[in-house]
Amino acid sequence: MPHIRTYLIGITSAILLGCGGSSDSESPESPVTIPPEQNSYMVSTSLSEGGSITPDSFEMAENSEKTFLIGINPGFELESVSGCDGTVEGEKFTVSNPEKNCTIEVKFKAFQYTVNVTTSLGGWIDSPSYQVSYGEKAKINIHPNSDHVIESVTGCGGMLNEQQYTTGNISADCTVNVNFSGRFPLPEEGIERIRLPVVVHVIENEYVQISDEQIYSQIEATNRHFRALNSDDLETIEEEFAPYIADTGIQLYLASHDPDGNPHSGINRKTAQLSVITLGNEYAKAEKGGIDAWPNDQYINVWVGYARDLEGTLGLLGRANIPGFVEDRLIGVVVADSVFGVIPPREPRFDEGKTFTHELGHLFGLIGHTHGVPTDENTHRHLTCDGLPTTQCKNSDLAMNFMNAETDDKDQKMFSISQYQVMEKWIKTGPLKALYINNQANN
Ligand SMILES: [Zn+2]
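Within each chain, residues carry numbers counting from 1 in the order of the written sequence. A pLDDT threshold of at least 70 governs which residues receive local features in this predicted model, and a stricter bar of 80 or more applies before side-chain atom pairs are shown or counted, although totals over entire chains, interfaces and linings include all residues.

A. A look at the sheet that holds strand β11 (residues 129-133). Paired strands, in this sense, are two strands between which DSSP finds at least two bridges. Strands here mean DSSP runs of E at least two residues long; helices mean DSSP runs of H or I at least four residues long; both are numbered from the N terminus. Pairing is mixed in the open sheet, where four strands are placed in the order β11-β9-β16-β13. Edge positions in the sheet fall to β11 and β13 (148-154), since each has one partner strand and no second. Each adjacent strand pair in this sheet contributes to an overall mean axis angle of 25 degrees, direction not counted. Of the strand pairs in this sheet, strand β9 (residues 112-119) and strand β16 (residues 174-182) are connected by five bridges, and their pairing is parallel. Bridging across to β16, T118 finds its partner in N177. Interaxial angles span 0 to 180 degrees and are taken between N-to-C directions of axes, which are lines fitted to C-alpha atoms, for helices over the stretch in contact.

B. Representation of the sheet that holds strand β14 (residues 159-161). Across the sheet, four strands lie side by side as β10-β12-β15-β14; this open sheet has antiparallel pairing. Strands at the two margins of the open sheet, each flanked by one partner only, are β10 (123-125) and β14. Within the sheet, the average angular offset between the axes of one strand and its neighbour, ignoring direction, is 25 degrees. Two strands pair when backbone bridges link them, and β10 and strand β12 (residues 139-144) are joined in this way by three bridges, in the antiparallel orientation. Looking at the pairing, G123 lines up with P144 of β12.

C. Highlighting the environment of L196. For L196, the location among the structural elements is in strand β17 (residues 194-204). Distance in space between the C-alpha atoms of L196 and L435 is 7.9 Å, their sequence separation being 239 residues.

D. Spatial organisation of the packing of helix α2 (residues 212-226) against helix α4 (residues 354-363). Where α2 meets α4, the closest approach of the two axes is 9 Å, and the angle between their N-to-C directions is 60 degrees. Viewed along their axes, α2 and α4 adopt a mutual orientation that is oblique. In this structure, the crossing between α2 and α4 has a hand that is right-handed. Residue-level contacts link Q218, T222 and H225 of α2 to F356, T357 and L360 of α4. Polar here means any residue outside two lists: the nonpolar Ala, Val, Leu, Ile, Met, Phe, Trp, Tyr, Cys and Pro, and the charged Asp, Glu, Lys and Arg; Gly therefore counts as polar. Here the residues of the contact of α2 with α4 are counted per class, giving two nonpolar, four polar and no charged. Reported orientations rely on four angle classes, namely roughly parallel under 35 degrees, roughly antiparallel over 145, roughly perpendicular from 65 to 115, and oblique for the rest. Each crossing gets its hand from how the near helix is turned against the far one by less than a right angle, where anticlockwise is left-handed and clockwise is right-handed. For the purpose of contact definition, each residue receives a C-beta atom placed from its backbone, and two residues are in contact when these atoms lie within 7 Å.

None of this, on its own, says anything about what the molecule does.
Below is the structure:
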C-alpha cells in the first residue's frame, strides 16, 4: 500500500508542477522527497463587446503575479475592469497571489455620437437629434406636409428609402439635412401663397373606415382645386369664363404639431357612435363623445364621420360652420366620410372630393351659392364674375363653380377671381385673420 501511495503523490506533483517528478520514484525503497505543495488557480475572463484581454485565461500558481493586457477597439472606451482582487493601471490588469479560481470582468463602452437633423419648411421629423453608438446607424422618419414632397436628404452617409433615411455607420457627430419642396408650383405672379394647417378629426365606428391615404388624397385634391391645377376640369370650361378662373394660392396641409407642440400627423381619430351631421353638433363636443376643436386661431378644424340617418340614407354631405354664424368651438367644416377623399370607392356622383372644397369655400367667406339653395343679396355680391358687364356674366352663368350647391362633383370646376378676392380678404383681414397671422411663418 505505501508503494501505491508514493506513486500517486509522484503523479500529482508531476501534474501540478508541469515537469519532472521525484527521480527516486523508480526506487520504492528510497525515501520519497515531497516538494512543498503548490496550488494553482484558474483565472478566466469575461468581456463585453468592444475589446479584448490577453491572455483570455491563465492558470496561476499561488504566490505568483500575472499581468493581463486589455485591448480596446476603435470607437470604444474601457468602462470598468474588476475581479480576482486585481489592480488596474491604464490598459494593464494585474492579479497577485490568487487564492481561488476567479474571473476578471471587463466592460467596454461604445462612444456616443449625435446625429443632428435640420429641415426646411414643409415637413417634420420625429426628433431633431439622435444619440447613436459608435458603428451604429440612425433611422430617421421624415414626414413631408401634405402639400410637400421630400426633395433631398443628405449627410451622415445615408440612404433614403421612401420616407425613412438610414445613416451610414456613425463614427463622429454629423448632420442630416432634409429639404422639402412644394408638391404644387408657386401661384401665378401677384398671388400670394396662403398655407393653412388642417386637423382632421375622424369620428370612427363600424360604418366609418377612412385611411390616412384617403385623407391625404382629399387634401391634395382640394389644394389642386384652390390652385386651379385640376386641369382635366378646367380644359372643359367655356372660353368666355376661362379668364376668370382663379389660382387662389391657398394650400392646406395636415398639421404637423398638436396644440401642445408635440409632433402630430394632423389626423385625430376617436371611436364614437355619432353622426357628424347633427343639430346638436355632438361631434365637436368631447363631453358628448365627440372631439373638441383644436384652437381655431391655429388650425382649420375638420370633422369627418358617419352622416346617415337611421335608415342609412345619406343626409347632408357636408356643412361649414362659419365664424360669426356659430359659437367658436364649432367653427370648421364637417364632411361625410363617404365623400371625403378621391380613392375609390366613394359615394357615386360625389367622388372627386369637391364637397370638402365647397365647404371650405363657405368657411373662407363665400357664404352663399351660385346656384341652388337661396343666397341673399350680400352673398350675391361676393359671387359675381370679373370684368364683364353683369348682363353678360351673371352668377347664374357660373354653373361650373365650386359654390354651385346643386350639381355633381364632375360639374364643379373653378373658383372665380372675385371669389378669390373675397376669400383672400376674409382670411387675411377678416374672421380668419388670427389663423392666417399665426401661420404666416409657414407661407
Ligand atoms: Zn354650400
